[in-house]
4 protein chains.
Amino acid sequence: MAASLRLPGARPGLRYWSYRQRLAAASLAAVCSRSMASKTPVGFIGLGNMGNPMAKNLMKHGYPLIIYDVFPDACKEFQEAGEQVVSSPADVAEKADRIITMLPTSINAVEAYSGTNGILKKVKKGSLLIDSSTIDPSVSKELAKEVEKMGAVFMDAPVSGGVGAAGSGNLTFMVGGVEEEFAAAQELLGCMGSNVVYCGAVGTGQAAKICNNMLLAISMIGTTEAMNLGIRLGLDPKLLAKILNMSSGRCWSSDTYNPVPGVMDGVPSANNYQGGFGTTLMAKDLGLAQDSATSTKSPILLGSLAHQIYRMMCAKGYSKKDFSSVFQFLREEENF
Amino acid sequence: MAASLRLPGARPGLRYWSYRQRLAAASLAAVCSRSMASKTPVGFIGLGNMGNPMAKNLMKHGYPLIIYDVFPDACKEFQEAGEQVVSSPADVAEKADRIITMLPTSINAVEAYSGTNGILKKVKKGSLLIDSSTIDPSVSKELAKEVEKMGAVFMDAPVSGGVGAAGSGNLTFMVGGVEEEFAAAQELLGCMGSNVVYCGAVGTGQAAKICNNMLLAISMIGTTEAMNLGIRLGLDPKLLAKILNMSSGRCWSSDTYNPVPGVMDGVPSANNYQGGFGTTLMAKDLGLAQDSATSTKSPILLGSLAHQIYRMMCAKGYSKKDFSSVFQFLREEENF
Amino acid sequence: MAASLRLPGARPGLRYWSYRQRLAAASLAAVCSRSMASKTPVGFIGLGNMGNPMAKNLMKHGYPLIIYDVFPDACKEFQEAGEQVVSSPADVAEKADRIITMLPTSINAVEAYSGTNGILKKVKKGSLLIDSSTIDPSVSKELAKEVEKMGAVFMDAPVSGGVGAAGSGNLTFMVGGVEEEFAAAQELLGCMGSNVVYCGAVGTGQAAKICNNMLLAISMIGTTEAMNLGIRLGLDPKLLAKILNMSSGRCWSSDTYNPVPGVMDGVPSANNYQGGFGTTLMAKDLGLAQDSATSTKSPILLGSLAHQIYRMMCAKGYSKKDFSSVFQFLREEENF
Amino acid sequence: MAASLRLPGARPGLRYWSYRQRLAAASLAAVCSRSMASKTPVGFIGLGNMGNPMAKNLMKHGYPLIIYDVFPDACKEFQEAGEQVVSSPADVAEKADRIITMLPTSINAVEAYSGTNGILKKVKKGSLLIDSSTIDPSVSKELAKEVEKMGAVFMDAPVSGGVGAAGSGNLTFMVGGVEEEFAAAQELLGCMGSNVVYCGAVGTGQAAKICNNMLLAISMIGTTEAMNLGIRLGLDPKLLAKILNMSSGRCWSSDTYNPVPGVMDGVPSANNYQGGFGTTLMAKDLGLAQDSATSTKSPILLGSLAHQIYRMMCAKGYSKKDFSSVFQFLREEENF
């Protein structure tokens, strides 16, 4: 696993400060005139299902926060906890020189950065801006250019792991941007995740995430089709899963997140497909993969079809179910 | 891994005979009047790329063979080694009460069993007939019925692992048939494989194999599409593979048999896609999966498309290349 | 339109007999010793949704019938009308030297011909056996061989047009078999259809039908996707259909059988998808196309996917709806 | 066919002017202060394979042109013919109050309108701006908003028919925009096309075109698959095409542009797939359809796959061939 800085929840002591100073010194050459004290306020924009627990993990690690969300209600509990809530992304940029954004779509991200009262209106030179939204890599690259013109640093760092991992601080971050800034990003991201991976230039974090999720969708549907066919040919599901898992058909979808009820415990298929990673979110990620494939002229025959399948499921009552409910979707019996 | 009987190549001594007797005694109730001495001749029909090394492994374990192949040349080296070559499947059945068949297609299997001089013409009551061909499960079930009428036992036991594993005795056998006969089948199959798995009733061995290979094909194409898209979005292939393999996209195709040249050593992609498991064989297995899905009315959207992709590759010069050459197929650059 | 012999319902007069004799004489060289009188009894096996109205049209044209169906109830009304009902296909063959079969599946057809009391048990030399079932072309070829061994003639003549056209005598027959026998087949088929087309050797009638229906399914789904996309992009459905129909997207599905409610009258989409050509029947034909493509190694990427889509629809409540209900299936809105 | 104003090449006489004045008067309420004299200069931006013959047809109808192209060479012959060539889209807008743009991509269109020296820099109030490029409908809508802010009128009017129809003035234009402006657009477009259809609000012209082309691609591939399967099942291609064309499988691809060599004369399949509508252009249009489907969440299972197929063909030497060469692509025989 990639090394990550996991800052303990304990109060920083002298030993800690020395370590922090050593890290800061090592990064100094490439880092712009950013504040050296790591516990300076961190801006957080977007306190939804994912942003809320992520911001809380930063708080647990002793970072004061500067909060903004288009929905004031989302900020309430942070305000009550004593954090500072401001009224625009620009205001966040004014008060913090490290900002994390966690937004649903490319459009929201562009608005938060380049909008009328966006980050770029007041961003300070040398600031570190980390976007953990999952958006089109070409949009990330555009934002990075704009940020760079203002003398600041942009990194894309989309996440994997879902709401559960967000809460327990076990997210995986796939980070793109200038390599010298990676350590500084790791410092913050390591509070929220157990896996912080450097992927390359800006946009490659998004690329890694959407490629993984496209392969995941294909594997999940493939596992579903193989399990269903095997069952109809007389195989016991648990035995078939066991055989696949010891053979070349082995994949995460079949050995860690099997979609067939009764094969494994502790996964959504054992709980009527509640929780997990929703169909709508998978359809969104597959749409991003499709857009990227179209613009780079990459052939994605199975990926395209997986996208269409999840798109259909959204329209047929599966939007809120875990994406492994595709087994239920394909297996629906004739009812008259 | 499922336990398997691996009979050592050493000469059977007294201790061995006791063990053999114990095993035979335990199976006695369900086993018909078959010879108790395990080193009695074993019939082998089909000495092609797979059958040849499989038969040799039986010889290594001390089994005399009764050999037949439609092509006399295929039998030559066995004849020179002192094994008995006969002139029809019926003759094999006359001289051996355990027979293994290893044939390319359903039609060949039906011919060997039910043809004019087929096994069923002279099969002895209580014989054990193991078909290791990969054929349509419904054909296996038909053959089993015919065999049963003659008072003998039929099991389907298709293999996984390819020519390499056949040579080194490391095949995986997926066995279908009456459970009480499994031990007797294991005795023989364990000489040729390191993994002998009981799957259920007749036909489930075939079912398990084709379900695994369908999922494998889908995963391989999915891995290819994800790797290619990631590369075009700026990711380094080795890094992307590493990320997939630590994430939910993980599968055998990406972590053990990566299709992208330069990512791993010791796999066909590192050797211009030579060797391995050929495209034509994969297309054949996918055709069997498609036929089974059509007759059981099982929806296989990705499986169908994977079949069409491998079918196209056969017609475009990829027939003899390893099936991971789909990466090369999809990635072909515009050349004018 | 291909010329066809449409025998009027009027009683045969002298002029008719002369014509009949001329036709018979012309066919004589290739025709075996079949009865020359055209109004001799015609056997009809399979009196279901299609067979029933087809047989009635033969009656209307003055042909006495020898009837058989596995379900005796299906024969009742013919018995009451004075037709002869017998108790096996063999008995039909004994009493009629021209027989039409109209059965649901390959298995039913094989049973009717080669079963214990099948046609082939008592078929007379020179008989003309026309199978209008839609079955696998390779099965038609097998039946033809068996029939030929008995000195009789076999032709495949599957139909197109549905129950409505069957009732009004407007079916299309696609006929395969020996060309010299076509005129004799036309004589009978022309009573039931307005379009009798010679396609080539045995099996080509089936081939023509399944190729047409595969292209139809692809066009219908394509029309559905294009209409739905256009509507979501702001186009009025009637205007869009009009534009498609004057452009290169024009097809029967869009100009004669549009799947979008409100675009055309007199088609199933205007009547909640009742009647027409059912989803289950389309899925069956697509399964036959898929099987044929797999065995001839023909790539059918869209055809395979169309098959999977209709297969899914059968399992989701669309089995009895007209196949144009795919518009409704794809268009289902999110309901929560 | 939709009525269109076809202005003869003859010199305008008195009768014409009266008609022109009547038309202008009728449109006056909705039309801004645009010049009433119809033979005032028309701007033309983009003189490529399509733009060049289109502009010439305007010249033939007596319209003086104001020309611009990023490649000066493209303007040469117009300059020699006495037309006025300027050095930016802004300059075109300065001198003409009716402008037609014919550009390859959304990016080019945005540049021509909103770029540094774009049309919008100097556009006069009341100008009529017609974009005949085939671009993303959402981009057309964005451009329309920007144009509207400047008090001018924007219409999307993508074309169908290819280079041949462009030369002979037989293009089809699918027009979107404010309905009251349609007549004015028709005046110009009718010089270049024989079919000018009003589709609805801005963006619906693009929508109609991409929906038609998506259905066309699906039909062409479907026709190819059906023809190939039929041929492999023993049908004569010409006979099969004839049967399809009299049956429910009938479509433009099979009855007017058959992809199988030898079936029809005067189409690309009869000429080694030269000329016609290139694979690359079809892939481009399918990419636009895919993007639109993704952003409107419309399921396009066959459309997605058709896009992937044409994308693959571009990378395998088929870019410059007519899109009906998909028959050749799918039919390639095994060559070793």
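The rules behind these values
- Residues numbered from 1 in each chain as written.
- Chains lettered and ligands numbered in written order.
- Predicted model: local features only at pLDDT ≥ 70, side-chain atom pairs only at ≥ 80, totals over all residues.
- Heavy atoms only, no water.
- Helix = DSSP H or I, 4+ residues; strand = E, 2+ residues; numbered from the N terminus.
- Buried < 20%, exposed > 50% of the residue type's maximum accessible area, 1.4 Å probe, protein only.
- Areas by Shrake-Rupley, 256 points an atom, 1.4 Å probe, with all protein chains shown as cover.
- Least-squares fit on C-alpha atoms with pLDDT ≥ 70 in both.
- Contact = heavy atoms within 4.5 Å.
- Buried area = accessible area lost by both parts, 1.4 Å probe.
- Salt bridge = Lys/Arg side-chain N within 4 Å of Asp/Glu carboxyl O.
- Polar contact = N/O pair within 3.5 Å; in protein donor to acceptor, adjacent residues only side chain to side chain.
- Core = buried A, V, L, I, M, F, W, Y, C linked by side-chain atoms within 4.5 Å.
- Axes fitted to C-alpha atoms, helices over the stretch in contact; angles between N-to-C directions.
- Parallel < 35°, antiparallel > 145°, perpendicular 65-115°, else oblique.
- Left-handed = near helix turned anticlockwise from the far one by under 90°.
- Nonpolar A, V, L, I, M, F, W, Y, C, P; charged D, E, K, R; others polar.
- Expected span 1.5 Å × (residues − 1).
- Phe/Tyr/Trp six-rings, centres within 6.5 Å; stacked < 30°, edge-to-face > 60°.

Draft legend 1. Seen up close, the overall build of chain A. Helices and strands together make up the secondary structure of chain A, namely 15 helices and nine strands. In chain A, buried positions account for 63% of the 336 residues. When the accessible surface of chain A is totalled, it reaches about 12,300 Å², and 55% of it is carbon and sulfur.

Draft legend 2. Structural context of the relation of the copies chain D and chain C. Take chain D, turn it by 180 degrees, move it 0.0 Å along the axis, and it overlays chain C with an RMSD of 0.0 Å. Such values leave the two copies arranged in the relation of a two-fold axis. Of every C-alpha in chain D, the one belonging to D:C251 sits nearest the axis of rotation, 2.0 Å from it. A high fraction, 100%, of the interface residues of chain D reappear at the interface in chain C, so the copies pair face to face through one surface.

Draft legend 3. Fine view of the relation of the copies chain D and chain A. Superposing chain D onto chain A requires a rotation of 180 degrees together with a translation of 0.0 Å along the rotation axis, leaving an RMSD of 0.0 Å. Of all interface residues in chain D, 100% are interface residues in chain A too; the two copies therefore contact each other through one and the same surface.

Draft legend 4. Seen up close, the interface of chain D and chain C. At the junction of the two partners, chain D supplies 58 residues and chain C supplies 58 residues. Counting each side, the surface lost to burial between chain D and chain C is near 5,200 Å², with a carbon and sulfur contribution of 70%. Here chain D is connected to chain C by two salt bridges. Between C:R250 and D:D255 there is a salt bridge whose closest N-O contact spans 3.0 Å. The tally of links from chain D across to chain C stands at 20 residue pairs in polar contact (both at pLDDT 80 or more).

Draft legend 5. Quick peek at the nonpolar core. If you look at the biggest cluster of nonpolar residues, it comprises 211 residues, and the most contacted ones within it are A:Y310, B:Y310, C:Y310 and D:Y310. Residues contacting A:Y310, with those up to four places away along its chain left out, are A:A217, A:M220, A:I221, A:T279, A:M282, A:A283, A:L286, A:F323 and A:V326.

Draft legend 6. Quick peek at the pattern of salt bridges. All names here are of chain A. The tally for this structure, following the rule as stated, stands at 32 salt bridges over all chains. For the salt bridge of E187 with R98, the shortest nitrogen-to-oxygen distance reads 3.2 Å. With a gap of 89 residues between them, E187 in helix α9 (residues 182-189) and R98 in strand β4 (residues 98-101) connect regions that are remote in the sequence. Residue E187 is classed as buried on the basis of its relative accessible area, which comes to 7%. On the accessibility criterion, R98 (4% relative accessible area) is buried.

Draft legend 7. Representation of the packing of helix α10 (residues 204-232) of chain C against helix α11 (residues 237-245) of chain D within the structure. Where α10(C) contacts α11(D), the axes come no closer than 10 Å and their chain directions differ by 55 degrees. Considering the angle they form, α10(C) stands oblique to α11(D). The element α10(C) and its partner α11(D) pack so that their crossing is right-handed. The residues of α11(D) that touch α10(C), namely those facing C:A208, C:C211, C:N212 and C:L215, are D:L240, D:I243 and D:L244. Considered class by class, the residues forming the contact of α10(C) with α11(D) number six nonpolar, one polar and no charged.

Draft legend 8. Structural context of the interface of chain D and chain A. The interface is formed by 15 residues belonging to chain D together with 15 residues belonging to chain A. The contact between chain D and chain A buries some 1,300 Å² in all, and 65% of this surface belongs to carbon and sulfur atoms. Per-residue buried area on chain D facing chain A is highest for D:L301, D:Q308 and D:R311; these three make up 39% of the total on that side. Where chain D meets chain A, there are zero salt bridges. Linking chain D with chain A are four residue pairs in polar contact (both at pLDDT 80 or more), by the criterion used here.

Draft legend 9. Fine view of helix α13 (residues 279-295) of chain D. Taking 1.5 Å per residue as the helical rise, α13(D) with its 17 residues ought to reach 24 Å, and the 24 Å between its terminal C-alpha atoms agrees with that figure. For α13(D), a buried count of 12 out of 17 residues is recorded, marking the element as mostly surrounded by other parts of the structure. Those residues of α13(D) that fall on the buried side of the exposure criterion are D:T279, D:M282, D:A283, D:D285, D:L286, D:G287, D:L288, D:A289, D:Q290, D:S292, D:A293 and D:T294. Tucked into the core, α13(D) has its buried residues touching α13 (279-296) and α14 (301-318) of chain A, α10 of chain C together with α7 (137-149), α10 (204-232) and α14 (301-314) of chain D. Phi for D:K297, located one or two positions after α13(D), is positive at around 55 degrees.

Draft legend 10. Main features of the packing of aromatic side chains. Residue and element names in this part refer to chain D. Tallied over the full model, the rule gives 28 aromatic pairs over all chains. Measuring from ring centre to ring centre gives 5.6 Å for Y257 and F323, while their planes differ by 25 degrees; the resulting arrangement is stacked. On the criterion of sequence distance, the pair formed by Y257 in the loop between α12 (252-255) and α13 and F323 in the loop between α14 and α15 (326-331) is long-range, its members being 66 residues apart. Of the two residues, Y257 and F323, both sit in the buried class. Measuring from ring centre to ring centre gives 5.7 Å for F277 and F323, while their planes differ by 70 degrees; the resulting arrangement is edge-to-face.

Draft legend 11. Representation of the packing of α13(D) against α14(D) in the model. Residue and element names in this part refer to chain D. Relative to each other, α13 and α14 sit at 145 degrees, their axes nearing to 9 Å. The handedness of the crossing between α13 and α14 is left-handed. Listed contacts from α14 to T279, T280, M282, A283, L286, G287 and Q290 of α13 are S304, A306, H307, Y310, R311, M313 and C314. Classifying every residue of the contact of α13 with α14 by side-chain character gives seven nonpolar, six polar and one charged.

Draft legend 12. The arrangement of the environment of C:Q290 in detail. Positionally, C:Q290 belongs in helix α13 (residues 279-295). Residue classification places C:Q290 among the buried residues on the basis of a relative accessible area of 1%. Separated by 199 residues in the primary sequence, C:Q290 and C:D91 place their C-alpha atoms 35 Å from one another. Residues in contact with C:Q290, not counting those within four places in the same chain, are B:Q290, B:T294, B:S304, B:H307, B:Q308, C:I300, C:S304 and C:H307.

Everything listed here is a matter of geometry and, on its own, says nothing about what the molecule does.
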